[in-house]
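Examining the three-dimensional arrangement
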Amino acid sequence: MLHGFGWSAAFLTVTRASAIAAVPIVLHGLGPNLYAVWVLAGALVMIQSLFDLGVASAVVRYVALAAAADGARSCVIVVARRAMVFYLLLSALVFLPLWFGAEAVVGLVHFLKPSELAAAVVIVRWAAVAFVLTNVALVAASVLQGINRVGVAYRDQTVGWILYLPLLLGGMSLGSHAQAVGAAWVGAYAVQTVLLSRSLIVGVRRLPRGSARVPGFGEMLSFGSRWQVSAWADFATFQLPRFIAAVALSSGDVVSLDVAIRAGQFAVAPLFAFYPTVLPRAASLLARGGPHALRSFLDRKSV
């Protein structure tokens, strides 16, 4: 388990480092005003945690239980399919207002010049497309975590995000910088989606067939909703300040705040690998030995 945690933490740290490395490139290419729009749009890409009712966490848990109990491929597929339908519906509910209301979103950023409005709308609309891809990637990563392929999930996401920098630089060398930052987002998340989907297919095919109880969707929502507060807290810590800054502060203040948050995320990146690494092991213990087995495991670790 510690070996898996080490790799996952390393992949997360590389991802956060890449996010920091993108700052001077985007700031130089867009200028501080449009950089602030890029920050706002990036926060919008991550907005699913406000509305997803913790379904991704429920996927990890119930896939892990199925894999630990019987390796039941059919149960894993049903849970994954339900989650995918849910997140595609969520994608539509967010994509449409973002795409068609991009001008209204941009209008909230008070310091934009008239000549920058069209570029700002372009960035927000690319964010709407990226949001859809992040939801597909989230489902695939959650299932991989549930079947105890945490390192693979983080590896695929990291590879996709590392490509953001060359895609960004290549796009800026070819034309519109606003188009480049948005297209680089979509390109990076598209690569993540492809890699995660491939790993997911391979991982599920390796599961033995069996007969595990398939949880009802209401049961999944009941479990996931208990994690929603944690997701809200995470959003309030890392994304909400960006929203408020883009609306209420100057563009220079937005740049400073964004850099500070990225530095903080880089510092705590290894800790975010702990929960998805531990959950499959905990689910396996619960499935095979009940609460007593889990308590015994935790007691040994705390000594």
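See the structure printed just above.
Before going into details, it helps to say that this report is about the structure given with it. Keep in mind that what you see is a predicted model, and the values were worked out from it rather than measured. (Residues numbered from 1 in each chain as written. Predicted model: local features only at pLDDT ≥ 70, side-chain atom pairs only at ≥ 80, totals over all residues. Heavy atoms only, no water.)

Here we take up the overall build of the chain. Check the secondary structure of the chain and you find 13 helices and zero strands. Counting from the amino terminus, helix and strand elements in the chain follow one another as α-α-α-α-α-α-α-α-α-α-α-α-α. Burial analysis of the chain (303 residues in total) assigns 50% to the buried set. Sequence-distant contacts, at least 24 apart, represent 85% of the contacts inside the chain between residues at least 6 apart. (Helix = DSSP H or I, 4+ residues; strand = E, 2+ residues; numbered from the N terminus. Buried < 20%, exposed > 50% of the residue type's maximum accessible area, 1.4 Å probe, protein only. Contact = heavy atoms within 4.5 Å.)

We now examine the nonpolar core. In terms of nonpolar packing, the biggest core is built from 86 residues, with Trp 38, Tyr 164, Val 181 and Trp 185 touching the most fellow members. Per element, the largest residue contribution to this core is 17 residues, and it comes from helix α1 (residues 2-45). Apart from the residues within four sequence positions on either side, Trp 185 is in contact with Trp 38, Ala 41, Gly 42, Ile 123, Ala 127, Ala 130, Trp 161 and Tyr 164. (Core = buried A, V, L, I, M, F, W, Y, C linked by side-chain atoms within 4.5 Å.)

Here we take up the environment of Thr 134. Checked against the element boundaries, Thr 134 lands in helix α5 (residues 117-146). Each C-alpha atom of the pair Thr 134 and Thr 193 lies 7.8 Å from the other, and the pair is 59 residues apart in sequence.

For the structure on display, the rule yields nine aromatic pairs. Members of the aromatic cluster, connected to one another through ring pairs, are Tyr 35, Trp 38 and Trp 185. Directly above the aromatic system of Tyr 62 lies the positively charged group of Arg 61, at a separation of 5.0 Å from the ring centroid. Seen from the ring of Trp 99, Arg 125 lies directly overhead, with NZ or CZ sitting 5.3 Å from the centre. (Phe/Tyr/Trp six-rings, centres within 6.5 Å; stacked < 30°, edge-to-face > 60°. Lys NZ or Arg CZ within 6 Å of the ring centre and 35° of its normal.)

Moving on, we get to unusual backbone geometry. The phi torsion at Leu 53 lies on the positive side, around 55 degrees, for a residue other than glycine. Inspection of the secondary structure assignment puts Leu 53 in the loop between α1 and α2 (55-69). Exposure remark for Leu 53: the relative accessible area of 38% places this residue in the partly exposed category. Phi is positive for Asn 148, close to 65 degrees, though the residue is something other than glycine. Its place among the elements puts Asn 148 in the loop between α5 and α6 (150-162). Judged by its relative accessible area of 53%, Asn 148 is exposed.

For Arg 262, the location among the structural elements is in helix α12 (residues 251-268). In this structure the side chain of Arg 262 is engaged in a polar contact, spanning 2.7 Å, whose partner is the side chain of Asp 258. (Polar contact = N/O pair within 3.5 Å; in protein donor to acceptor, adjacent residues only side chain to side chain.)

Turning our eyes to something else, we now look at the packing of α5 against α6. For the pair α5 and α6, interaxial distance at closest approach is 7 Å and the crossing angle is 155 degrees. What the angle tells us is that α5 and α6 run roughly antiparallel. Facing α5, whose interface residues are Ala 141, Leu 144 and Gln 145, α6 presents Val 150, Ala 153 and Gln 157. Among the residues forming the contact of α5 with α6, the class breakdown is four nonpolar, two polar and no charged. (Axes fitted to C-alpha atoms, helices over the stretch in contact; angles between N-to-C directions. Parallel < 35°, antiparallel > 145°, perpendicular 65-115°, else oblique. Nonpolar A, V, L, I, M, F, W, Y, C, P; charged D, E, K, R; others polar.)

What follows is about the pattern of salt bridges. Within this structure, the stated rule accounts for four salt bridges. Measuring nitrogen to oxygen at the nearest pair gives 2.7 Å for the salt bridge that ties Asp 258 to Arg 262. With a gap of four residues between them, Asp 258 and Arg 262 both fall in helix α12, about one helical turn apart. Each member of the pair, Asp 258 together with Arg 262, is buried. Because the salt bridges share partners, they merge into one network encompassing Arg 242, Asp 258 and Arg 262. (Salt bridge = Lys/Arg side-chain N within 4 Å of Asp/Glu carboxyl O.)

Now for a nonpolar patch on the surface. On the surface, Leu 96, Trp 99 and Phe 100 cluster together to form a nonpolar patch covering roughly 320 Å² of accessible area. Overall, the relative accessible area of 44% leaves Leu 96 in the partly exposed class. (Patch = residues over 30% accessible without salt bridge, like charges linked within 9 Å, V, L, I, M, F, W, Y side chains within 5 Å. Areas by Shrake-Rupley, 256 points an atom, 1.4 Å probe, with all protein chains shown as cover.)

Bringing α2 into the picture now. Here α2 contains 15 residues, and its C-alpha end-to-end distance of 21 Å stays within 8% of the 21 Å for a straight helix at 1.5 Å per residue. Of all 15 residues that make up α2, eleven are buried, and the element is covered over most of its length. Restricting attention to buried positions, one finds in α2 the residues Val 55, Ala 56, Ser 57, Ala 58, Val 59, Val 60, Tyr 62, Val 63, Ala 64, Ala 66 and Ala 68. (Expected span 1.5 Å × (residues − 1).)

Mapped onto the elements of the fold, Leu 34 is located in helix α1. Residues Leu 34 and Leu 112 lie 78 residues apart in sequence; the distance between their C-alpha atoms is 7.6 Å. Excluding anything up to four places from it in sequence, Leu 34 contacts Leu 112, Glu 116, Ala 119, Ala 120 and Ile 123.

Let's shift gears to the side chain of Asn 135. Examined against the element boundaries, Asn 135 turns out to sit in helix α5. Discounting residues that sit within four places of it in the chain, Asn 135 has contacts with Gln 48, Tyr 87 and Ser 91.

Further remarks concern the packing of α6 against helix α8 (residues 177-205). It is at 7 Å that the axes of α6 and α8 come closest, and there the two elements cross at 155 degrees. One way to sum up the angle between α6 and α8 is to call them roughly antiparallel. Pair α6 / α8 crosses with right-handed handedness. Residues Val 152, Ala 153, Arg 155, Asp 156, Gln 157, Val 159, Gly 160 and Trp 161 of α6 form the contact with α8, whose own contacting residues are Trp 185, Ala 188, Tyr 189, Val 191, Gln 192, Leu 195, Leu 196 and Ser 199. Across the contact of α6 with α8, the residue classes tally to ten nonpolar, four polar and two charged. (Left-handed = near helix turned anticlockwise from the far one by under 90°.)

Remember that the coordinates give geometry; whether it matters functionally is a separate question.
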